[in-house]
Amino acid sequence: MYLGISCTGHDNSIALVNSDGKVLYAQAVERDTQTKHGFSVCPDQPYKLAKLIKQYAPDATHLTICKSWPEDTPQKMGSEINNIAMADYDGIVREVAGIFKGVQTHNMNDVFLPNIQMGGGGAKRAAMALNLTTDTRQFDHHSSHAAFACYSSPFDEAACLVMDGYGEDSAQSIFIYKNNKLEKCPKPAYLGELNQLSASLGVYYGVTVCRLCGFAQDSGEEWKVMGLAPYGKLNEPVLALLRKHIAVKDGYLSLPEGSTAALAALRPHTRPYAQFPKEAADLAYTAQYHFNELMTEILTHVHDITGMDNIVITGGCALNSSFNGRVIEKTPFKDIFVPCAPGDDGNSVGAALLAVKQDYPEKVIQNHLQTPYLGDEISEEEVENFIEKSGMGNVHKYDWQDLYQNVAHMMAEGKVVAWVQGRAEFGPRALGHRSILADSRSIEMKTKINAAVKFREPFRPFAPMVLADKGDEYFENYHDTPYMEKVATFKPLIREAVSAVCHADNTGRLQSVTEERNKHVYHLIEAFENITGVPVIINTSLNVMGKPIVSSLNDAVMTFFTTDIEVLVIGQYVFTKGQTIR
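Now for a description of the structure that goes with this document. The numbers attached to residues start from 1 for each chain and follow its sequence in the written order. Given that this is a predicted model, residues contribute local features only at a pLDDT of at least 70 and side-chain atom pairs are listed and counted only at 80 or more, while totals for whole chains, interfaces and linings are drawn from all residues. Excluding hydrogens and water, the side-chain figures rest on all heavy atoms present in the structure.

## Overview of the overall build of the protein
Right, so step 1: Here a strand is any run of E in DSSP of at least two residues, a helix any run of H or I of at least four, and the numbering for each starts at the N terminus. The helix and strand inventory of the protein stands at 20 helices and 24 strands.
Right, so step 2: Dimensions of the protein, computed from C-alpha atoms along their principal axes, come out at roughly 75 × 60 × 45 Å.
Right, so step 3: Using a 1.4 Å probe on the protein chains alone, a residue whose accessible area is under 20% of its type maximum counts as buried, one over 50% counts as exposed, and one in between counts as partly exposed. Taken over 582 residues, the protein has a buried fraction of 59%.
Right, so step 4: In the protein, 75% of the contacts between residues at least 6 apart in sequence involve partners at least 24 apart.
Right, so step 5: When charges are counted, Lys and Arg contribute as positive and Asp and Glu as negative, whereas His and the chain ends are disregarded. Every charge is mapped to an atom, namely NZ of Lys, CZ of Arg, CG of Asp or CD of Glu. Across the protein, the mean location of the 53 positive side-chain charges is 3 Å away from that of the 69 negative side-chain charges. Two residues form a contact once any of their heavy atoms are found within 4.5 Å.

Have a look at this one:
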């Protein structure tokens, strides 16, 4: 049995993978702790892990512990950090260079290395309790990204671009995936300012851009930039500075000469965090515009050097769904795949798959369109026990067909539904197992959920969940989008009919639903369409702003009772508010 551990320090996770490369379990630690990103929390908690091994691998005799960072991370990262020679700079430029060097040093010494060292300790303790032998292996960070993405893609061969905040020595890698194997392409020598670690699209978007727009840097607020951008327009002076700060050279990101000075020159444009974010819409639009430029140029280079028609994009930057929806239009690639967990949480699976291939080089691993439903499940016994002990009266158990009809009617009447089914999603997106669902037809529903359910900014959009076989009726250039990984443009004639999920630029970050992938949501949307004529509903994550998606029964019930969600569905049980105590 293979235990993958993502041990970056943020989005830590674990995965259990068998010797055939099948993913048995995967979940980020933030779901257990209900602390966003689970910063520096060890994911391999021994008591839970022992329980998982008993459940998913009861006959295991050996546990291979697989970490998502290599043993020589300190040497590689330290060497890059030392490339920032402070003597080369003076004045405000020296100050900016010092910030980069200081942050990288902190990340290495206080975040990455402690988490790499900590990962696996709980696994060894669990293994001792279960009388399992163990060995430990460590893998290249970007190879871990590529392995999860490529082995779960629908492609037999593809180019793969890894783009994130940091690897052990750079933030960008290119792979060729062919014959069920991964080959990392050589990269040119870095000739820009500072060092390769600084030439990071993840750091650029997650720190520089967030700070520019007045959002919290390095705190996962990139979503807000993407949501705000459609309200703005291009700011040419800011774009010119962004282009001077970070650019593409020989297909790879670089900080060109004058980059650090350009970054310093951006400071007067920065919006204060306290200011209403809509004031920063032009900055957000301009930053997203520049992101698109950079990615388009890089992907064109990737196509040129690999000759592949298919592209797999992974790493944290692959969560930029606004750009993902434009890849086929803007680049020479004919098809694109982004996995359900392209960020560091997915690396637990990737590291485990690399170990499987290490042990069985000729084994063919094909987790085509990997199911994202790999996490914890709330059992019917838990729900029944809660109902009995709580004395709740407003709860009914339905057979499935009646449940679909009743819940669809409540949604059509304007009620907001918390929908909990089966195993939790792996990755940052709620895909119909831990979701808030609602009517897509009224713009007032968007306002209601943002204000009284999610407690977040009014400009934030909601995702359309659409029956896959109806997608081309609603979206231009429709492509199947199982993981809510791409944004598409609504067709003009139906935009008003789905105003709650049609964003300011007439787009939606859609999820395509099939009966095979998610039968319960599929039949719920079918029932909603029969009532309303619209096969599209709102889908957003079951959480409030600043909290992870719910995991346990307690999480779901607490969110239900502390927000204006009106209906809670867990399995076949439907809870409503009102008189609740028998």
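## Focus: the layout of surface pockets
Right, so step 1: If you add up the space inside the second largest pocket, you get close to 390 Å³.
Right, so step 2: Definitions used for this entry: grid spacing 1 Å over protein atoms alone; cavity, a set of points where a 1.4 Å probe fits but cannot get out; pocket, an open set with protein on both sides within 12 Å along at least 5 of 7 lines; lining residue, one with an atom within 4 Å of a point. Along its surface, the second largest pocket is lined by 17 residues, and Lys48, Lys51, Asp376, Glu377 and Glu382 are the ones closest to its centre.
Right, so step 3: The set of elements that each furnish at least two residues to the lining of the second largest pocket consists of helix H1 (29–33), helix H2 (46–56), strand S13 (373–377) and helix H20 (553–561).
Right, so step 4: Among the elements that take part in the lining of the second largest pocket, H2 stands out by supplying five residues, more than any other.
Right, so step 5: For the lining of the second largest pocket, the per-class residue count stands at five nonpolar, four polar and eight charged. Grid points are joined across faces, edges and corners, and a volume is the space filled by probe spheres set on the points. By the convention adopted, Pro, Cys, Tyr, Trp, Phe, Met, Ile, Leu, Val and Ala count as nonpolar, Lys, Arg, Asp and Glu as charged, and the other residues, Gly among them, as polar.

## Overview of the environment of valine 162
Right, so step 1: Structurally, valine 162 is set in strand S6 (residues 158–163).
Right, so step 2: Once the C-alpha coordinates of valine 162 and alanine 149 are considered, the two residues, 13 residues apart in sequence, prove to be 9.5 Å apart.
Right, so step 3: Here valine 162 is in contact with His142, His145, Ala146, Ala171, Gln172, Ser173, Phe175 and Thr314, once residues within four sequence places are set aside.

## Overview of empty space enclosed by the protein
Right, so step 1: Scanning the entire structure with this criterion turns up five cavities of 30 Å³ or more.
Right, so step 2: In this structure, the largest cavity spans a volume of roughly 180 Å³.
Right, so step 3: Forming the walls of the largest cavity are 15 residues, and the residues nearest its centre are Pro188, Tyr190, Gln196, Tyr252 and Leu253.
Right, so step 4: Residue composition of the lining of the largest cavity, grouped by class: eight nonpolar, four polar and three charged.
Right, so step 5: Space inside the second largest cavity adds up to approximately 50 Å³.
Right, so step 6: In terms of lining residues, the second largest cavity is bounded by Ala318, Leu319, Val338, Pro339, Cys340, Pro342, Arg429, Tyr483 and Glu485.
Right, so step 7: Among the residues making up the lining of the second largest cavity, the classes are represented as seven nonpolar, no polar and two charged.

## Here's the deal with the sheet that holds strand S2 (residues 13–17)
Right, so step 1: Here a strand pair is declared whenever DSSP counts at least two bridges between the two strands. In spatial order, the strands read S3-S2-S1-S4-S5; together these five strands make up an open sheet with mixed pairing. This sheet does not close on itself; its edge strands, each paired only once, are strand S3 (23–28) and strand S5 (133–138). Recorded for the sheet is a direction-independent mean angle of 15 degrees between the axes of neighbouring strands.
Right, so step 2: Sheet topology note: the S2/S3 ladder contains five bridges and is antiparallel. Lines are fitted to the C-alpha atoms to define the axes, a helix being fitted only along its stretch in contact, and any angle between axes, read from their N-to-C directions, falls within 0 to 180 degrees.

## A word on the pattern of salt bridges
Right, so step 1: Salt bridges, as used here, are contacts in which a Lys or Arg side-chain nitrogen is within 4 Å of a carboxyl oxygen on Asp or Glu. Counted by the stated rule, this structure contains 25 salt bridges.
Right, so step 2: A salt bridge links glutamate 476 to arginine 495; the nearest nitrogen and oxygen atoms lie 3.9 Å apart. A residue pair is termed long-range when its members are at least 10 positions apart, and glutamate 476 in the loop between helix H18 (471–474) and strand S19 (487–489) and arginine 495 in the loop between S19 and strand S20 (507–509) qualify at 19 residues.
Right, so step 3: The exposure class of arginine 495 is partly exposed, given its relative accessible area of 22%.
Right, so step 4: Among the charged side chains, a salt-bridge network with shared partners connects Glu221, Lys224, Glu457 and Arg460.

## Focus on helix H3 (residues 73–82)
Right, so step 1: Those residues of H3 lying buried are Thr73, Met77, Gly78, Glu80 and Ile81. Here the buried residues of H3 occupy an arc of 160 degrees about the axis, which is enough to place them on one side. In H3, those exposed residues whose orientation departs by more than 90 degrees from the buried face are Gln75 and Asn82. Directions are taken from the helix axis to each C-beta atom, and the arc is the one they span.

## Remarks on the nonpolar core
Right, so step 1: Counting residues in hydrophobic clusters, the biggest one holds 64 residues, and the most contacted among them are Val407, Trp419 and Phe575.
Right, so step 2: Residue contacts for tryptophan 419: discarding those within four places in its chain leaves Leu403, Val407, Gly432, His433, Arg434, Ser435, Leu437, His520, Val521, Leu524 and Val569. What makes a nonpolar core is a set of buried Ala, Val, Leu, Ile, Met, Phe, Trp, Tyr and Cys residues whose side-chain atoms join them at distances within 4.5 Å.

## Focus: the sheet that holds strand S23 (residues 567–570)
What links the strands of a sheet is backbone hydrogen bonding, and the strands pair in either a parallel or an antiparallel sense.
Right, so step 1: Judged by pairing direction, the sheet is mixed, and its eight strands sit side by side in the order S14-S24-S23-S15-S17-S22-S18-S21 without closing on themselves. Each end of this open sheet is capped by a strand with a single partner; those strands are strand S14 (395–397) and strand S21 (511–513). Taking the axes of each pair of neighbouring strands and ignoring which way they run, one obtains an average angle of 25 degrees across the sheet.
Right, so step 2: Pairing of strand S15 (residues 417–420) with S23, which is carried by four bridges, proceeds in the parallel orientation. Its bridge partner being in S23, alanine 418 is matched across the sheet by leucine 568.
Right, so step 3: Contacts between helix H19 (residues 519–532) and the sheet are confined to S15, strand S17 (434–439), strand S18 (463–467), S21 and strand S22 (536–541), with S18 contributing the most and set at about 90 degrees to the helix.

## Quick look at the side chain of threonine 260
Right, so step 1: Looking at the element boundaries, threonine 260 is found in helix H10 (residues 259–265).
Right, so step 2: Among the polar contacts listed, one links the side chain of threonine 260 to the side chain of glutamate 193, at a separation of 2.5 Å.
Right, so step 3: For threonine 260, the residues in contact, after removing those within four places along its chain, are Tyr89, Val93, Val96, Ala97, Glu193 and Leu194. Residues adjacent in sequence count toward polar contacts only when both atoms are side-chain atoms; beyond that, a polar contact is any pair of N or O atoms within 3.5 Å, and within protein one must be able to donate a hydrogen and the other to accept it.

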